[in-house]
Every structure is written in C-alpha cells, then in structure tokens.
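What the coordinates show
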Amino acid sequence: MANNILAVLEQREGKLKKASFEAAAVASKLASELNCDAIAVVVGNEIINLNEVSKYGIKKTIHLKSSGLEQYSTSGYSDAVTAYAKTVGAEYLVFANTSLGRDLAPVVAIKYDAGILTDCTNIEVSDGDVVVTRPVYAGKAFIDIKFKSSKKILTTRPNVFKAEANNSAGAPEIEVIEIQSPNLNSRVIETKKSEGKIDVSEAEIIVSGGRGMKGPENFHLVEELAEVLGAAVGASRAVVDAGWRQHSEQVGQTGKTVSPTLYIACGISGAIQHLAGMSSSKYIVAINKDQDAPIFSVADYGIAGDVFEILPALTEEIKKYK
Amino acid sequence: MKIAVCVSHVPDTATKIKIANSGKDIDPSGVTFIINPYDEYAVEEALKQKEALGGEVTVFSVGGDANKESIRKALAMGADKGVLIKSENELDSIGIAKALAVEIKNEGCELVFCGKQSVDYDDSIVGQLLSALLGYNCVSTVVGLKIEGNKITAEREIEGGREVIETQIPVVITTQKGLNEPRYASLKGIMGAKKKTIEEKSSANVESSTEVIKMRKPAPKQPGRIVGNDVSAVPELVKLLREEAKVI
C-alpha cells in the first residue's frame, strides 16, 4: 500500500484555480487506485474557496498559512510544501502544470528527494506502478514513462483531466497550519495583469490568427470572434516574429502547447511547429483560402475561403445564439 | 562575475519525428540538430551581463560529442569557454541537472542562465532543479531582468500577465522568448570559437529518476470535413459546432 498522496493546489489572489481542481481529482483517483489517502495542500494567506476542494474527492485540506506567503515565493512555498510532505511521508505529490506549478514542483522535487514527471496527459496504475503518458517534441510524439525513485512528483497538463464537481460531497475538513517566518529569499513584488485577457494555456476556446490575416490591423476580426465565444486570442509564430502580436499568445513548439475544447485557426497554413502545439485540441476548425494547407489535415471542420469574409459572418452567426 | 550558461542540442523544430527501432527514442538519422532555441536567449543574456558586470561566461552542455556544435555556437556568439559533460546513459531532467550542478559548482559560477525549456522533452524544469541542487535562488520563464549589485529584479511570464520577482545572487534564471534579441555570431566570432577550449568531463555517477517505457507517435487524426468555400458555409459550420461537436 502506498503512503499518502498530496495534491498541491494553487491559489492566486486568494482563490483556488481550476487547474488545481483537476490535479485534486487526479490525486483522488490515484489514491483510490493505490488504496491510500489523498490530502490537499495549499500555501497562501486568506483563501476564499477552500470549501470547494471536497467536491473533487479530497476530504482533508491543509492550509499552510502566512501573511508573508499571500503572493508566490519559490523559496517560501517550496519550503512549506516540502516540510509538510515530510511530516506525512507523502509518496506522491500532484501539481497542476501551470507557470506556478512548473516553477515550484521541481524545487520541491530536489528538496524532498523525489523523481519528477511534468505535463502528464494520462496517468495509469499498472501492477502497483504508476505509468505516465506525456507529450514530447511539442506533441509530435508521446512517451510512456515510469518512476525509479521512491518518492514521486507529477504535474498535470491543464484542461486534459476532468474535474467535475460533486455537489453532494460531504463537508470538508480544513486544517490550518501557521507558517512562522517563511523563507522569502525570492518573492513577488508586483503582478502585472493583461486586462481582461484570457491566457491561451487556460482557455476552453482559442481563436488564432496567422499570416493570412495580412497585418496587425486586421486582428480585430479574430478578437471579435474570440469576444463572442469568451475565447482567448492565439497567434502563429510567423505573426509573433513579425511583431504583429505578443509572444504570450504564440501557439506552437516555441510558444505554448494547448489543448482547448475548440481551436479555430484563421489564416494559419499549419507549419509543423504550429500543428505540434495545437493538434491535441478536442475540435479544430480551419478557415483558410488554400484548400491544400496542412491545417486542413488536422481540422475537424474547415471552410476553404476568405477569412476576411468568413470571420465577420461567423461572429454574427454565433451572436444569434448567445 | 563568473557566469554559466547551459545549452542543449536538440532537433530543429521543423523536424518530422521518426521513432527509433528501440521504440524508446527518436531515430536521429537525417535529423538536423541545433542549439535549443530558448538557450540562445540564455547565451545572449549571459553575454549582456558579462558586458555590464565583467567576468567570464562558461557554456555547459550534457550529452555526447555532437553537443560540441551547440557549445561552439555559444562560443562564436562570444562566450569564453565550454564544458562538455559526457553521459553514457540518456539522462532525464534530474540527471542532467545533477550533472550540471557538479561542474557549475566546481567552476564557481554564481549567475546561471538556462533556456526555460528544451524543445525535445519539453520538461521545462532543468533550471529550477539546478537551482535547488546548488542552493541558489531561481526565477523561471524570465522576460525582463535587472541586476544591481547582488539584487535581482526579474519579470516572469504567468497566465494572463507577468509577475515581478525580487531575489539575490546566487541565482539561476531561465530565459523566455522576449527577454532579448540573440546576436548573430560574426565571422570573427566563428573563427575565434575554434580556438576556444571545450573541456570534457564525465557524469559517471549520475542517474535518472525515471525510465522511458515506450515512445510512440500520436494516432493520426482523421481528416475532417470541408464545410464549404465561402460565407454561405457559415450557418452550417455553426450548426455542426453546436449540434455535432457541442462545443459552443
């Protein structure tokens, strides 16, 4: 029987993130398969939605609390999580593979002497061993991989694992542990938000534009469609390199690898680096003049026509149902 | 200041991946290998900091003889010397970080730059692992950096924005696109790089904490449907998205 499994959750501005509930659901499932207990751990100061954790199958939540740890600190968070993992002798730690999870999990791995596998898209138990599937080469290939270490850390790719809330779950058990004089060798002093924007790595729907948009001045067509769908705006490498859009929007091998429910590619031909970054999307729509463009080979639905005519019409048509 | 920059040698991003007969790795035949794109930002930042602070830039790479090509590229851009850490086995990120930590400590570098991710295994964790092994501070996915004395102010990319981190040297910084514009190696730089030394070390005692069972290609996607070729196809597309895919 395996020892405890910790789901290490992430709060931003005192609120737990959706990707963390996915990690909690993964930890809960793993615990039932390995016949052990799952515990959720979260570092922060005031957190408003700790009660929600139990809906994802984890009864006990540990809040490692300090006013000094309201904002992220690699040193402070990694010390707090490592110390708690040691006290319960955790065998597995599960993090969401977000910008915070990718920063924190490897530091905890070294401090806790654990092996680490990141960006997992499937986790299975086979003969008591956990076998992980994760993309490599930006999704051009996948590996099945297992741990050789006795302690193990997993990070889960956002939007891949289901986190369905069970609203009839019992009341959660929340324990607060005060962290005295946290290690603030490194700390966040300021957060700069891109106002009102959804990040491509967190979005359920992405509308992306490529060179076929012909110039930055035409991206309002992409933005308007994204707006009616509540979607994030993405971009191909070509348009980022040309300076039309910011790098934070780039989808593909030297940008972000994404797995939304719906990906709409507008004026994107589909270079191999781009396809690698988005082909694991659940549904792909391509709008491109060139019927032979590689993007159509991965698209579920396509319109082989002029983006400048189709995008406004598509935005209007969708508005009818919103 | 002794500055370290870590580089990996990876397949060009335009490469089509073929699986090797072992079923555990890619088939490298016919593949062009390049310096990892994110590592070019690391090299550039190391050189900029050397220009500002003085000191020496040492390039570290873990792998086989072929990695010398990427070390030379960094030397041609202006780094001073190279260290190739040879590994007999394929190492995972923890193995690579351990091998790097030993030699970076030997060299006494207190400012370390790594690309935020290698575009082969895409783990995005070597720099963070390395910082913890060295007992250094760490800022990952950095798009802005200021060094004043021992004080580091770095901007890192997060979902929907950026956060500004304050910390101190010694530190490991992992570099993201947008931090700088990597310089091109000049002809003089390329000629000069041939004369710079690449020391060879061995990572004999380092082991991975994970083991690859199998590598495979994703299942090919069934080609979809072209709904039409002009505006008249739009209502049909929306209907499919609502009723068949049920995604909007």
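For the structure, see preceding data.
Description of the structure in this document. (Residues numbered from 1 in each chain as written. Chains lettered and ligands numbered in written order. Predicted model: local features only at pLDDT ≥ 70, side-chain atom pairs only at ≥ 80, totals over all residues.)

1. Topic: the overall build of chain A
Heads up, the rule is: Counting from the N terminus, the helices are the DSSP runs of H or I reaching at least four residues and the strands are the DSSP runs of E reaching at least two. Radius of gyration means the value over C-alpha atoms here, while the globule rule gives 2.2 Å times the residue count to the 0.38 power. We call a residue exposed when 12 or fewer other C-beta atoms sit within 10 Å of its C-beta, buried when the count reaches 20 or more, and partly exposed for counts in between; the C-beta positions come from the backbone. We call two residues in contact if the C-beta atoms placed from their backbones are at most 7 Å apart.
For chain A, the count of helices and strands is eight helices and 18 strands. Rg of the C-alpha trace for chain A: 21 Å, near the compact-globule value of 20 Å for 322 residues, within the 12% margin. Buried positions account for 58% of the 322 residues belonging to chain A. Considering only contacts in chain A between residues 6 or more positions apart, those separated by 24 or more positions represent 66%.

2. Points about the sheet that holds strand β18 (residues 301-303) of chain A
Using the following cut-off: Should DSSP find at least two bridges between two strands, the strands are regarded as paired. Helix axes are fitted to C-alpha atoms over the stretch in contact, other axes to C-alpha atoms as well, and angles between N-to-C directions run from 0 to 180 degrees.
Reading across from one edge, β15(A)-β14(A)-β16(A)-β17(A)-β18(A)-β13(B) is the order of the six strands in this open sheet, with parallel pairing throughout. Here the strands that pair on one side only, and so sit at the sheet edges, are β15 (232-235) of chain A together with β13 (225-228) of chain B. Taking each pair of neighbouring strands and ignoring which way they run, the sheet shows an average axis angle of 25 degrees. Here strand β17 (residues 283-287) of chain A pairs with β18 of chain A via three bridges, running parallel. Opposite Ile-287 of chain A, over in β18 of chain A, you have Ile-303 of chain A as the bridge partner. Strands β14 (205-209), β15 and β16 (262-266) of chain A of the sheet are contacted by helix α4 (residues 220-229) of chain A, whose axis makes an angle of about 175 degrees with β14 of chain A.

3. Digging into the sheet that holds strand β12 (residues 210-216) of chain B
Reading across the sheet, the four strands line up as β8(A)-β9(A)-β10(A)-β12(B) and stay open at both edges, with antiparallel pairing between neighbours. Two strands lie at the open edges of the sheet, namely β8 (122-126) of chain A together with β12 of chain B, each paired on one side alone. Direction aside, the axes of adjacent strands within the sheet are offset by 25 degrees on average.

By themselves these figures say nothing about function.
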